[in-house]
Amino acid sequence: MAPPCFEDSKQIQTLNALTCSYNDQIRPLLDAVDRLRQLKVMQEGIELPTIVVVGDQSSGKSSVLESLAGISLPRGQGICTRVPLIMRLQDDPSLPSPILHLEYKGKHVPTSESSITSAIESATAEIAGSGKGISDTPLTLVVRKKGVPDLTMVDLPGITRVPVHGQPENIYEQIAAIIMQYIKPAESIILNVLSASVDFPTCESIRMSQQVDGKGERTLAVVTKADKSPEGLLEKVTADDVNIGLGYVCVRNRIGSETYEEARAAEANLFESHHLLSKIDKSIVGIPVLANKLMRIQSQSIAKCLPDIVKKINEKLNRNVSELETMPQNLVTVGDAMRAFMQIISKTKEMLRKLLIRGEFDDFPDDKEMHGTARMAEMLNAYAAALPDNIPTKEAAFLLEEIEVLEENRGIWLPNFLPRTAFLILLQKRVKEVSSIPQDFVEKVWIYLEDIVVAVLDEASENYPPLQACSRRAALNLIEKMRGRSIRNVKEIIEMEMVTDFTLSPDYMKKWVELMEQQERFMEVVHNNFTPTKVILKAVGEVDVSHLRGRRDVVVEQAFDIRMRQISYWKSVVLRLVDVLALNIAYAVKKLVENELETEIMNDVVGGRSMNCIEKMLEESPAISGKRERLRKSIQLLRESKEVVAKIIDRIAVKAAD
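Residues numbered from 1 in each chain as written. Predicted model: local features only at pLDDT ≥ 70, side-chain atom pairs only at ≥ 80, totals over all residues. Heavy atoms only, no water.

Per an unreviewed UniProt entry, the chain goes by Dynamin-related protein 4C-like and derives from Dendrobium nobile.

Below, the structure is given as C-alpha cells:
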C-alpha cells in the first residue's frame, strides 16, 4: 500500500527520488526505522522520524487510530491511554487473518483482534499500575494485517487539566512532560487530533504543538466528529488560524456497532451528500485520505532523515569506540599493575614539567589556576611589591633612631669614625621588620604547588582509586618536607642579611654619593636657628629638623650618613630577598618534578609501605567497570543499527543501479 506520487492541493511537490522513484522501497525503509526503534537507538540520542498522535481528552484520538488500524482500542471515561502506545501497522496481503502482538518490558505477548483491548489494558496496568496514573515507559502494538496502511505512530495520553479520583494532582504536568518529550525533536511529525465541536485556538494540544513547531511545518491536523458539528467546519479548515502547515483532514468517527467497512462507506457518503460537508475539498476528507497522507509524510520524513541518522550513528559509534579504547585496560596481573603504575608516574611528571617548568598548559587550557609558571610569577611579583622600596622606619622624628644608636655605640676613640656596629644594629632591625613577608610568600607558593601536584596526580590516576589515595599521601608528605626545607632556607637568607652588610653592586656607592651631596645643605638648616625648620631631601621627602638643633654636629652628621647608607643599601637587600628566593623556589620545583616526587611515591607504593596499592589496582572500581559495560553495550547497539541502515542503503543503491 505504497503512497503514490501526487500533486498536493496547496502546492506542487516534487517528492524525494528515494520515495517517488522506488516506491517498492518504502516498506523496507519503514522496517529499518522500526528495527532501529526496537534496538532503542533513541537512547543513544539519535532521534528517529516518528508520527506522534496528540489531542485533548475526548478529542477522538482512539477513533482515528482504530479506523487506521481496523481494530478496537481501549475506551471509556477519563484517560484511556496511560502510557505511550507505539502502533506499528504493517500491510501484509498474504495473511488470511491478522497477526497482533504486544512488546513491553522485554516481553513479546501474542494477542488477537477480539482480545486486544484487554491485552493492552493488562499490559498498561503492569507498566503504569492498576490505578489511573500514567507512565512514560512505552508499550508497542504490532499489527500485521491485510489492507492497513504502512505506518508507525505513537499515541500519547489525552491532555486533561482536572484530575479525577485516583489520579495524581499534577496529572496535567505529567502528561505535558511526556508529550513534549515526543513532539520536541525536529524529526517528529505531530498528528494533532481536534474535535470539530471546539474552537481550535483554545485546544491545549494546539498550544503545546505551537511551542515546538510555531510555523506548523511538521504538524498535521485531523478533525474528528465532522458529522456532529458540520456548521462552520469548512471555514475553520480553510482559515487555518492555528498554523497547520501540513494541512487538515476531516473524518467521521465509527459509530456504535458499525463495521470498519460500513463506517468508511458512511463517511464517504457523508462528505459526498451533506449540504455543508460536501463543500469541503475531497482531498482533505476521509480516513483513506488520512492514511495515504500519513504514509507519504512518513516516507518523505524517513528519506530526508536517513542520511543524518547514518551520520549520527557513525559519529556516536566512533566516539564510543575511541572512549573505550582510551579507558584503562583491565589489569590482570601484578605485572600489569606495575606497568600501569609506571605509566601514571611518567604521565604525572610530564604534566608537571609542562605546567611548572616549561609553562605549557594545553592539558588545562581553560583552567587558569593550573597555569603554574604564570601563577608563580604573579605570586613572586606580589611578594616583590610587598617588600618596601625604602627602609621601613617607625621613628618619631628624623634621624632620632640613628642618633640614639650612635650614642649607645660611643667609645674611647676618635669621633670622626663611623661605627659599623651602629649600621648593623639598624640594618638588623629593618630586615627583621620585613622577615615575615618572604616567609608568607614561601608558604603561599607551597600551598599552590600542593594543589597543582595533587590535581595532576588525581587526574593521572583517576581510574585507580587505591593508587590515587597512596600517591596523594606520598605527595603530601613530600611537599610538607620540602615546604619545611624552604622555610628553613628563608630563615637562613634573613639571618645572612642580618649578619653583615655587603654588596658589589656599583649602584650602592653611586646612590650613597648622590644622597650625601645633600648633607651640607641639610646641616645649614640644622645650624641656622632663624630659618624654617623643614627641608626636602631626595629619597626621604620633607623632614623637620627642629629636634636636631643644639645637638653635636658630628653626631648629626654621622646619623645623616648612616640613614643615607641604609637607603642606598636597602635596594640590594630587597633585590637579594627577591632573587635568591626566586632561584630557591625554581630549584625546589625542578627537584620536586624531576626526582623527589617519583622517588617518594615509588618508596611508598613499591618500597613496601603501601604495596597493597599495586594489588588493589587489579580490583576495577564499580564506576569504571560500569562505564566500560555501558560503552560496550552502546557500541554493540550502534553497530547493529549501522548494519540495519547499511543494508537498506545497499538495497536502495542496487535498485537505483537497476
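## Here we look at the overall build of the chain
The number of helices and strands found in the chain is 20 helices and 11 strands. A compact globule built from 658 residues should have a C-alpha radius of gyration of about 26 Å, whereas the chain, at 44 Å, is more than 25% larger. The principal-axis extent of the C-alpha atoms belonging to the chain is close to 140 × 70 × 60 Å. Buried positions account for 49% of the 658 residues belonging to the chain. For the chain, the share of sequence-separated contacts (at least 6 apart) that also reach a separation of at least 24 residues comes to 77%. A total accessible area of about 32,100 Å² is found for the chain, and carbon and sulfur atoms account for 53% of it. Computed over 83 positive and 93 negative side-chain charges, the separation of the two mean positions in the chain equals 2 Å. (Helix = DSSP H or I, 4+ residues; strand = E, 2+ residues; numbered from the N terminus. Rg over C-alpha atoms; globule rule 2.2 N^0.38 Å. Buried < 20%, exposed > 50% of the residue type's maximum accessible area, 1.4 Å probe, protein only. Contact = heavy atoms within 4.5 Å. Areas by Shrake-Rupley, 256 points an atom, 1.4 Å probe, with all protein chains shown as cover. Lys, Arg positive; Asp, Glu negative; His and termini not counted. Charge placed at Lys NZ, Arg CZ, Asp CG, Glu CD.)

## Looking at the packing of aromatic side chains
Considering all chains together, one arrives at six aromatic pairs under this definition. Geometrically, the ring pair formed by Phe-398 and Phe-522 is edge-to-face, given 5.8 Å between the ring centres and 80° between the ring planes. With Phe-398 in the loop between helix H11 (372-386) and helix H12 (400-408) and Phe-522 in helix H17 (residues 519-527), the pair connects residues that are 124 residues apart, well separated along the chain. Summarising the burial analysis for this pair, Phe-398 and Phe-522 share the class buried. Relative to Tyr-569, the ring of Tyr-508 has its centre 6.1 Å away and its plane inclined at 85°; by these criteria the two rings are edge-to-face. In this pair, Tyr-508 sits in helix H16 (residues 506-516) while Tyr-569 sits in helix H18 (residues 553-605), placing the two residues 61 residues apart along the sequence. Like Tyr-569, Tyr-508 is buried. Through a chain of ring-to-ring contacts, three or more aromatic side chains come together here, namely Phe-398, Phe-522 and Phe-560. The ring of Phe-200 carries the charged tip of Lys-236 above its face, separated from the ring centre by 4.9 Å. The aromatic ring of Tyr-260 is capped on one face by Arg-254, whose charged end is 4.3 Å from the ring centroid. (Phe/Tyr/Trp six-rings, centres within 6.5 Å; stacked < 30°, edge-to-face > 60°. Lys NZ or Arg CZ within 6 Å of the ring centre and 35° of its normal.)

## As for the packing of H11 against helix H14 (residues 436-460)
One way to put it is that H11 packs onto H14 with a least axis distance of 10 Å and a crossing angle of 165°. As the angle between them shows, H11 and H14 are arranged roughly antiparallel. For H11 against H14, the interelement crossing comes out right-handed. Of H14, the residues touching H11 (which contributes Gly-372, Arg-375, Met-376, Met-379, Leu-380, Tyr-383 and Ala-386) are Ile-437, Pro-438, Phe-441, Lys-444, Val-445, Tyr-448 and Leu-449. The residue makeup of the contact of H11 with H14, split by class, is 11 nonpolar, one polar and two charged. (Axes fitted to C-alpha atoms, helices over the stretch in contact; angles between N-to-C directions. Parallel < 35°, antiparallel > 145°, perpendicular 65-115°, else oblique. Left-handed = near helix turned anticlockwise from the far one by under 90°. Nonpolar A, V, L, I, M, F, W, Y, C, P; charged D, E, K, R; others polar.)

## A look at the environment of Arg-410
Inspection of the secondary structure puts Arg-410 in the loop between H12 and helix H13 (420-434). A distance of 3.2 Å separates polar atoms of two side chains, one belonging to Arg-410 and the other to Glu-407. (Polar contact = N/O pair within 3.5 Å; in protein donor to acceptor, adjacent residues only side chain to side chain.)

## Observations regarding the pattern of salt bridges
Evaluated as defined, the whole model comprises 43 salt bridges. The shortest N-O distance in the salt bridge between Lys-312 and Asp-308 comes to 3.3 Å. Of this pair, Lys-312 and Asp-308 both sit in helix H9 (residues 287-326), four residues apart, roughly one helical turn. Relative accessible area serves as the criterion here: at 27%, Lys-312 is assigned to the partly exposed category. (Salt bridge = Lys/Arg side-chain N within 4 Å of Asp/Glu carboxyl O.)

## Quick look at H9
With 40 residues, H9 should cover 58 Å at 1.5 Å per step; its first-to-last C-alpha distance of 55 Å lies within 8% of that length. Approximately 40° is the largest bend angle found in H9, and it occurs at Cys-305, with the proline Pro-307 only one to four residues beyond. (Expected span 1.5 Å × (residues − 1). Bend = angle between axes of the 7 residues up to and from the residue.)

## A closer look at the pairing of strand E8 (residues 219-224)
The buried fraction of E8 is high, at six of six residues. Sheet analysis places strand E7 (residues 188-195) next to E8, joined by six bridges and oriented parallel. Note that in E8 the partner of Leu-194 across the bridge is Val-223. The parallel pair E7 and E8, bridged by helix H6 (residues 204-212), forms a crossover whose chirality is right-handed. The pairing of E8 with strand E9 (residues 248-250) spans three bridges and is parallel. The partner of Ala-221 across the bridge, within E9, is Tyr-248. In the classification by handedness, the crossover that spans E8, the intervening helix H7 (residues 233-239) and the parallel E9 is right-handed. (Pairing = 2+ DSSP bridges. Right-handed = clockwise from strand over helix to strand, strands pointing away.)

## Concerning the nonpolar core
Grouped burial of nonpolar side chains is what soluble globular proteins tend to show. Residues Leu-356, Met-376, Trp-446, Phe-522 and Met-617 are the most contacted members of the largest nonpolar core, which totals 92 residues. When residues of this core are assigned to their parent elements, the largest contribution, 22 residues, is made by H18. Residues contacting Leu-356, with those up to four places away along its chain left out, are Gly-372, Thr-373, Met-376, Leu-449, Ile-452, Val-589 and Val-593. If you look at the next biggest cluster of nonpolar residues, it comprises 40 residues, including Ile-120, Ala-123, Leu-191 and Leu-220. (Core = buried A, V, L, I, M, F, W, Y, C linked by side-chain atoms within 4.5 Å.)

## What about the environment of Ala-177?
In this structure, Ala-177 sits in helix H5 (residues 171-183). Measuring from C-alpha to C-alpha, the distance between Ala-177 and Leu-220 comes to 21 Å, with 43 residues separating the pair along the chain.

## Quick notes on H5
Spanning 13 residues, H5 covers 18 Å between terminal C-alpha atoms, matching the ideal 18 Å at 1.5 Å per step. Every buried residue of H5 is listed here: Ile-171, Tyr-172, Ile-175, Ala-176, Ile-178, Ile-179, Tyr-182 and Ile-183. Projection of H5 onto a plane perpendicular to its axis shows the buried side chains occupying an angular sector of 165°, all on one side. (Arc of directions from axis to C-beta.)

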